[in-house]
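Analysis of the macromolecular model
What follows is the residue order along each chain.
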Number of protein chains: 2
Amino acid sequence: MPDSSRRSCSPEFALLGFLYLQPGHGYDLHRRLTAELGEIWRVSQSQTYNILKRLQSQGYLTARRVTQEKLPAMQTLEITPAGRARFEAWLAAPSGGGVRAVRLDFLTRLYFARQLDPSRLPAMLADQTERLRQTVARLEVRQASGEINRLSLQLRIRQLRSVLEWLEECAETFTRTPEPEDRPGS
Amino acid sequence: MPDSSRRSCSPEFALLGFLYLQPGHGYDLHRRLTAELGEIWRVSQSQTYNILKRLQSQGYLTARRVTQEKLPAMQTLEITPAGRARFEAWLAAPSGGGVRAVRLDFLTRLYFARQLDPSRLPAMLADQTERLRQTVARLEVRQASGEINRLSLQLRIRQLRSVLEWLEECAETFTRTPEPEDRPGS
DNA sequence: TATACTTACTCACTCAGTGAGTATATCCGA
DNA sequence: TCGGATATACTCACTGAGTGAGTAAGTATA
């Protein structure tokens, strides 16, 4: 794994989540991913297929070939019980305490929690805030050797603080609009 | 490539840069990387070797086997003219306008520019600031569909703004201490 | 009638990254 | 003195991230 606390560095849980909500096929899942979470995950079509293939080989999805009248044949993907369990575990577990984890993992969890269990949103936001505070505290006492390492550390701390501010704004947004209106697939 | 503007998503230029300054071998380069730029690049030893092997296969480095009296044999790596050119081009070219580019690419360039041509530092900082301002401006007019995409966009803008603040602090640091005292390899 | 787009996917490739393993030498304490 | 920890210096096999081009059909458009 690249740097730190990478539970999911690819949109695998987003894809799993779409299929948790309803079955679908690769082409469509890619479109939904870019439409619904395009500011979070920027993946190519082939990469989407790569991930789906892996999820399938790991037993989280099953595929069924469907021939269509006029359009090319497609593989309808369905989530397995193992896949459902995996997704639920992911959704319930906290995200990491880094910037990246918030930008990717946490935001994706927000997206699904909003649709599946909006009552958990305040707790999720509070937990994440706490986690980030801990990370900041840890970095603040850390000493780096050399000017560049010090600057890098300062940058990371600043970044984390701005995530904390953003989380406050987030909390506001969700208390203002407790019910999601723009449900996907409608 | 993962998300956006990834000129160098691995410490290849840092390694090339170390060898630009003086020849060395893999083990030592990895140690220097973690010591000098450990807050920027967090790579395993084997990954360092992977990158070095690639640089070698691309003709930017040459290796020479050296047998030692008591210690294991090692490969001394030397930069080629093509490698020097590549490094110089990288050092002179601007970094991307994203957070990641600053955290990785730009900071690494700062590290080397400080040693090789400190007079360019103010210009580098100014250029990078300008680039980031442009990115912010671009994102501010962009509209995202859906609450989550909007939140993600707001987060990115906040992140960029905090990088801008950090750049100001950076400029201060470098005007206060124009001469680097902690040169490596001394 | 040509051509360009949409649907739906496949393939071959490079790069990122890890974790364990190998082999030798030195140091340090019981 | 003997055994274990640590340092030097790499290697290997593996999974996963990511791209870009290609394929093959139907459908709209000019």
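About the criteria used
Starting afresh in each chain, residues are numbered from 1 along the sequence in its written order. Starting at A for chains and at 1 for ligands, labels are handed out in the order in which the entities are written. A pLDDT threshold of at least 70 governs which residues receive local features in this predicted model, and a stricter bar of 80 or more applies before side-chain atom pairs are shown or counted, although totals over entire chains, interfaces and linings include all residues. As a rule here, side-chain values cover all heavy atoms of the structure and leave hydrogens and water aside. Least squares is used to superpose the copies, and the fit set is the C-alpha atoms of residues whose pLDDT is at least 70 in both copies. Only DSSP runs of H or I covering at least 4 residues are called helices, and only runs of E covering at least 2 are called strands; the numbering of each starts at the N terminus. Think of it in three bands: residues with accessible area under 20% of the maximum for their type are buried, residues over 50% are exposed, and the middle band is partly exposed, with areas taken using a 1.4 Å probe on protein chains only. Fitted lines through C-alpha atoms serve as axes, helices being fitted only where they are in contact, and the angles separating the N-to-C directions of these axes extend from 0 to 180 degrees. Should an angle fall under 35 degrees it is taken as roughly parallel, and over 145 as roughly antiparallel, whereas 65 to 115 is taken as roughly perpendicular and any remaining angle as oblique. In this scheme the crossing of two helices becomes right-handed for a clockwise turn of the near helix relative to the far one and left-handed for an anticlockwise turn of less than a right angle. Here, two residues are considered to be in contact whenever any of their heavy atoms come within 4.5 Å of each other. Note on ring pairs: Phe, Tyr and Trp rings are taken, using the six-membered ring of Trp, and paired if centres are within 6.5 Å. Classes follow the plane angle, with under 30 degrees stacked, over 60 edge-to-face and the rest tilted.

What follows concerns the relation of the copies chain B and chain A. The pair of chain copies shares a relation made of a rotation about an axis and a shift along it. When chain B is brought onto chain A, the operation consists of a screw motion whose angular component is 180 degrees and whose axial shift is 0.0 Å, with 0.0 Å RMSD remaining. Taken together, the rotation and translation describe the operation of a two-fold axis. No C-alpha of chain B approaches the rotation axis more nearly than that of B:Gln159, which lies at 2.9 Å.

All names here are of chain A. Summarising the element assignment, Pro 118 is placed in the loop between helix H5 (99-116) and helix H6 (121-141). Exposure remark for Pro 118: the relative accessible area of 30% places this residue in the partly exposed category. Once the C-alpha coordinates of Pro 118 and Phe 174 are considered, the two residues, 56 residues apart in sequence, prove to be 9.2 Å apart.

All names here are of chain A. Between H5 and helix H7 (residues 147-176), whose axes approach to 11 Å, the crossing angle comes to 10 degrees. In this view, H5 runs roughly parallel relative to H7, as classed from their interaxial angle. Along this stretch, H5 crosses H7, giving a crossing that reads as right-handed. Facing Val 99, Val 102, Phe 106, Leu 107, Leu 110 and Arg 114 of H5, the residues of H7 in contact are Gln 159, Leu 160, Val 163, Trp 166, Leu 167, Cys 170 and Phe 174.

This model, assessed by the stated rule, comprises 16 aromatic pairs over all chains. Summarising the aromatic geometry, the rings of B:Phe18 and B:Phe112 are spaced 5.8 Å apart at their centres and angled 65 degrees between planes, so their arrangement reads as edge-to-face. Of this pair, B:Phe18 sits in helix H1 (residues 12-21) while B:Phe112 is found in helix H5 (residues 99-116), placing the two residues 94 residues apart along the sequence. For B:Phe18, a relative accessible area of 0% corresponds to the buried category. Looking at B:Phe112, the relative accessible area reads 0%, which means it is buried. Their ring planes at 40 degrees and their centres at 4.8 Å tell us that B:Tyr20 and B:Phe87 sit as a pair that is tilted. Of this pair, B:Tyr20 sits in helix H1 while B:Phe87 is found in helix H4 (residues 81-92), placing the two residues 67 residues apart along the sequence. Among the aromatic side chains, those forming a connected cluster through ring pairs are A:Phe13, A:Phe18, A:Tyr20, A:Phe87, A:Trp90, A:Tyr111 and A:Phe112.

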